[in-house]
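# Results of the structural survey
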Amino acid sequence: MVTDSAVVVRHPKGLPAELSQLPRTLVVGVLNVTPDSFSDGGHYLDPQQAIEHGLELVSQGADIVDVGGESTRPGATAIDSETELSRVIEVVMGLASEGIPVSIDTRRSQVAERALEAGAVLVNDVSGGRGDGAMWPLMASVHVPYVLMHNRGEGASQDSLANYGDVLAEVKRELFEQVEAAIAAGVDESRIVLDPGIGFAKRAEHNWPLVHQSALDDMALWGFPVLLGASRKRFLGVHETGEPRIDDSMDTRDALTVELTQRAVSSGLWAVRVHRVEANVAVVNSSRVRSEEAP
Ligand code: PMM
């Protein structure tokens with residue numbers, strides 16, 4: 001399907017030049033170096049295996065590989081920064097030395113800083129700056145894009161925080177409060193990417209409205225590049241009506257993820273974060289859009 005050529009994808013400032021020139025939605029491949037992530041936990045704990053999987057994601061067309069060392073699944077075991085560092089740094093270094101754009105998925109400034117030294121080009125913070133008071137000062141001092149994701153709490157407390165009236169309006173308001181605080185802490189506005197945080201402090205009934213075409217169209221007008229991370233998430237196992245899907249499987253979730261990528265592309269979102277890269281790349285490549293870098 002060819003989408004509207006009037007759609008403009010907005011890239012954050014500070015992306016490597018080869019990415020900031022791309023006139024389309026980017027595909028971020030997920031590489032969880034964890035024993036307990038929801039869909040790929042335990043597969044890539046060995047650094048060499050993780051590096052190989054990252055290379056495979058790129059050979060399938062991923063523009064960026066997002067390396068994470070801590071599971072964000074509700075109820076996952078909390079780890080310390082030393083453990084997180086020991087999982088991710090070698091992997092970041094291995095991929096970056098191959099010229100691959102790597103993003104570091106972390107709430108911790110110490111991990112972000114070491115990963116940037118190891119060659120990462122983007123920081124992806126699922127806490128939206130709430131996880132570590134030193135994250136924004138760090139981001140203010142470096143020149144890379146920063147993904148600020150909507151979230152309300154940590155781990156097990158998330159489900160109890162999933163109370164919304166108008167979920168899109170509340171997510172936007174809370175994200176913009178964080179953006180204002182981040183900018184006040186010195187973070188360069190033009191390097192910020194926003195993320196509605198699908199599945200974080202949200203139940204299926206909150207996630208589905210956030211991925212409606214009209215909601216994604218709304219996000220595209222927020223004035224920031226937007227990343228969508230819906231891939232394989234729990235809500236995909238539930239129909240919009242709330243009925244569990246009887247055919248719920250990874251294959252079904254991957255197919256639904258591709259449908260959501262199509263919507264993200266149609267709205268002109270900046271990037272999608274996905275596990276199965278190939279089918280999503282096919283969708284973004286079939287789009288006709290223009291791009292611009294943040295001023
Ligand atoms: N989701 C997960 C981890 N990191 N980062 C961003 N920016 N957005 C997301 O939606 C997101 C993320 C959890 O998913 P996984 O366990 O499948 O990696």
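Scroll up to find the structure.
Residues numbered from 1 in each chain as written. Predicted model: local features only at pLDDT ≥ 70, side-chain atom pairs only at ≥ 80, totals over all residues. Heavy atoms only, no water.

## As for the sheet that holds strand β7 (residues 192-195)
Selection criterion: In this analysis, strands are considered paired if DSSP registers two or more bridges between them. Elements are defined by DSSP. Helices are runs of H or I of four residues or more, strands are runs of E of two residues or more, and each kind is numbered from the N terminus. Pairs of residues are marked as contacts when any of their non-hydrogen atoms sit within 4.5 Å. For helices, the fitted line uses only the C-alpha atoms of the stretch in contact; every axis is such a line through C-alpha atoms, and the angle between N-to-C directions lies from 0 to 180 degrees.
Taking strand neighbours across the sheet as the criterion, the eight strands line up as β7-β6-β5-β4-β3-β2-β9-β8 in an open arrangement whose pairing is parallel. Single-partner strands in this sheet number two, and they are β7 and β8 (227-228). Bridge count between strand β2 (residues 26-32) and strand β3 (residues 64-68): five bridges; the pairing is parallel. By the bridge assignment, N32 is partnered in β3 with G68. Of the strands in this sheet, β2 and β3 are in contact with helix α2 (residues 47-59), which crosses β2 at around 165 degrees. Sheet strands in contact with helix α9 (residues 250-267) are β8 and β9 (271-274), and its direction is about 170 degrees off that of β9.

## Quick word on the site of the ligand
We apply this condition: Residues are counted as near a molecule or strand when any one of their heavy atoms sits within 4 Å of it. For this analysis, a polar contact is any N or O atom pair within 3.5 Å, provided that within protein one partner can donate a hydrogen and the other can accept it, and provided that sequence-adjacent residues contribute only side-chain to side-chain pairs. Each accessible area is a Shrake-Rupley estimate made with a 1.4 Å probe; only the visible protein chains count as cover when residues are assessed. Basically, the charged four are Asp, Glu, Lys and Arg, the nonpolar ten are Ala, Val, Leu, Ile, Met, Phe, Trp, Tyr, Cys and Pro, and anything else, Gly included, counts as polar.
Neighbouring the ligand are 15 residues; D105, N124, D195, K233 and H275 lie closest to it. Here G229 contributes a backbone N or O atom positioned 3.1 Å from an oxygen atom of the ligand. Coverage of the ligand by the protein chains reaches 95% of its 410 Å² of free accessible surface. At the level of elements, β2 and β6 (146-149) are the ones that each hand at least two residues to the shell around the ligand. Here the residues of the shell around the ligand are counted per class, giving six nonpolar, five polar and four charged.

## Thoughts on the side chain of R191
Cut-off, in case you're wondering: To sort residues, take the accessible area from a 1.4 Å probe on protein chains only and compare it with the maximum for the residue type: under 20% means buried, over 50% means exposed, and anything in between is partly exposed.
Examined against the element boundaries, R191 turns out to sit in the loop between α6 (167-184) and β7. By relative accessible area, R191 is classed as buried at 10%. In this structure R191 touches P12, K13, G14, V142, H143, V144, P145 and Y146, once residues within four positions along its chain are discounted.

## Thoughts on the packing of α2 against helix α3 (residues 81-96)
Operational definition: With respect to orientation, any angle under 35 degrees is reported as roughly parallel, any angle over 145 as roughly antiparallel, any angle of 65 to 115 as roughly perpendicular, and every other angle as oblique. Crossing handedness: left-handed means the near helix sits turned counterclockwise from the far one by under a right angle, and right-handed means the same turn made clockwise.
Closest axis-to-axis distance for the α2/α3 pair is 9 Å, and the angle between their directions is 40 degrees. The pairing of α2 with α3 is recorded here as oblique in orientation. Considering only the axes of α2 and α3, their crossing is right-handed. Together, P47, A50, I51, G54 and L55 of α2 and E90, V91, G94 and L95 of α3 make up the contact between the two elements. Split into classes, the residues belonging to the contact of α2 with α3 amount to six nonpolar, two polar and one charged.

## Things to note about the pattern of salt bridges
Cut-off, in case you're wondering: One side-chain nitrogen of Lys or Arg within 4 Å of one carboxyl oxygen of Asp or Glu is enough to make a salt bridge.
Inspection of the entire model under this criterion finds 16 salt bridges. Residues R152 and E170 are paired through a salt bridge, measuring 3.2 Å at the closest nitrogen-oxygen approach. Linking R152 in the loop between β6 and α6 with E170 in helix α6, this pair joins segments that are 18 residues apart in sequence. Here E205 ties to R203 by a salt bridge, and the two come within 3.4 Å at their closest N and O atoms. Judged by its relative accessible area of 53%, E205 falls in the exposed class.

## Quick word on α2
Stated formally: In a helix, the anticipated span is given by 1.5 Å times the number of residues less one. Comment: arc refers to directions from the helix axis out to C-beta atoms.
For α2, which comprises 13 residues, the first-to-last C-alpha distance of 18 Å matches the rise-based estimate of 18 Å (1.5 Å per residue) to within 8%. The complete set of buried residues in α2 reads P47, A50, I51, H53, G54 and L57. The buried residues of α2 all sit within an arc of 160 degrees when viewed along its axis, so they share a single face. For α2, the elements touching its buried residues are β2, β3, α3 and α10 (277-285). G61, located one to two residues past α2, shows a positive phi value of around 115 degrees.

## Describing α3
Put simply, the rule reads: By definition, a residue's bend is the angle between the axes fitted to the seven residues ending there and the seven starting there.
Taking 1.5 Å per residue as the helical rise, α3 with its 16 residues ought to reach 22 Å, and the 21 Å between its terminal C-alpha atoms agrees with that figure. Roughly 30 degrees is the biggest bend found in α3, and it falls at V88. Along α3, the positions that sit buried rather than exposed are S81, E84, L85, R87, V88, I89, V91, V92, G94, L95 and A96.

## Overview of the environment of Q21
Along the chain, Q21 falls in the loop between α1 (17-20) and β2. Under the relative-accessibility criterion, Q21 is labelled exposed at 60%. In sequence terms Q21 and G268 are 247 residues apart; their C-alpha atoms lie 15 Å from each other.

## Digging into the nonpolar core
For the record, the criterion: To define a nonpolar core, start from buried Ala, Val, Leu, Ile, Met, Phe, Trp, Tyr and Cys residues and group those joined through side-chain atoms within 4.5 Å.
Counting 72 residues, the largest nonpolar core has L31, V67, L95, V123, L148, M219 and F235 as its most contacted members. Contact partners of F235, with chain neighbours within four places excluded, come to I198, A204, N207, W208, V211, A230 and L260. Counting 13 residues, the second-largest nonpolar core is a separate cluster that includes L26, L227, W270 and A271.

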